[in-house]
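One-letter residues, chain by chain:
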Amino acid sequence: TNTAPDGWTDQTADPVAFTLRNFAYNAGSGWAGAGTQADPHCLKLDGANDYADAAAAKLNLGSGARTITGWIRLDQAPSGTQMVFAKQSEGGSYAGYSLAINASGQLWAGICQNAGAGQIRQEMGSSSLTAGAWYHMAAVYGGRSVVTKA
């Protein structure tokens, strides 16, 4: 059922608690999926303002190599850039990292360690994601460049 829980906690070895923000808990925004392999349980975001919020300290990946992975399915082709995952500092430096889908449906990843020093690296996937299909996505940062795969 599509009810309004207080939040969501992942099931990894070091769990991260998320607070769900702006979900309407209806057919267009909230919990979805039948819990089967073909239709797994998932969060359906409305593409406008839904997001899962976690404490910044839990998402601190440091400044070295990192990998961000996850599953995504688009219900329709994006009309603009759709953020999938991001962590950025406040105060104007925008230091952090992000994973997004651009208006052409391509996976995009970026990392900025210090915007003032020009340390911005980004990578765009070469193929477009098709609406209705599940994709396992990954962005890998090795210290000098970013690589994306979907």
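Look up a bit, the structure's there.
Here we summarise the structure given alongside this text.

Some words on the pattern of salt bridges
In this structure the tally under the stated criterion is three salt bridges. One salt bridge connects arginine 21 with aspartate 53, and the closest N-O pair in it is separated by 3.4 Å. Here aspartate 53 lies in strand E5 (residues 51-54) and arginine 21 lies in strand E2 (residues 17-21), a separation of 32 residues in the sequence. The exposure class assigned to arginine 21 is partly exposed, which follows from its relative accessible area of 33%. On the accessibility criterion, aspartate 53 (30% relative accessible area) is partly exposed.

Re the environment of glycine 105
Structurally, glycine 105 is set in the loop between strand E8 (96-101) and strand E9 (106-114). With relative accessibility at 2%, the residue glycine 105 sits in the buried group. Residues within four places of glycine 105 in sequence aside, it is in contact with Pro78, Ser127, Ser128 and Leu129.

Topic: the packing of aromatic side chains
Inspection of the entire model under this criterion finds one aromatic pair. An angle of 35° between the planes, with centres 6.0 Å apart, marks the rings of phenylalanine 23 and tyrosine 25 as tilted. Here the two residues phenylalanine 23 and tyrosine 25 agree in accessibility, since each one is buried.

Digging into the environment of serine 98
Positionally, serine 98 belongs in strand E8. A relative accessible area of 10% means that serine 98 is categorised as buried. Apart from residues no more than four positions distant in its own chain, serine 98 is found in contact with Met83, Phe85, Ala86, Trp108, Ala109 and Gly110.

What to know about the nonpolar core
Membership of the largest hydrophobic core comes to 14 residues, with the highest contact counts inside it found for Ile72, Leu74, Leu99, Ile101, Leu107, Leu129 and Met137. Elements that contribute at least two residues to this core include exactly strand E6 (66-73), E8, E9 and strand E11 (134-141). Looking at this core, the element that brings in the most residues is E11, giving four residues.

Looking at the side chain of asparagine 102
Residue position: asparagine 102 is located in the loop between E8 and E9. Accessibility expressed as a relative area gives 13% for asparagine 102, which makes it buried. Side-chain polar atoms of asparagine 102 contact the backbone nitrogen of glutamine 106, separated by 2.9 Å. Residue contacts for asparagine 102: discarding those within four places in its chain leaves Pro78, Gly80, Thr81 and Met124.

Definitions and cut-offs
Residues numbered from 1 in each chain as written. Predicted model: local features only at pLDDT ≥ 70, side-chain atom pairs only at ≥ 80, totals over all residues. Heavy atoms only, no water. Salt bridge = Lys/Arg side-chain N within 4 Å of Asp/Glu carboxyl O. Helix = DSSP H or I, 4+ residues; strand = E, 2+ residues; numbered from the N terminus. Buried < 20%, exposed > 50% of the residue type's maximum accessible area, 1.4 Å probe, protein only. Contact = heavy atoms within 4.5 Å. Phe/Tyr/Trp six-rings, centres within 6.5 Å; stacked < 30°, edge-to-face > 60°. Core = buried A, V, L, I, M, F, W, Y, C linked by side-chain atoms within 4.5 Å. Polar contact = N/O pair within 3.5 Å; in protein donor to acceptor, adjacent residues only side chain to side chain.

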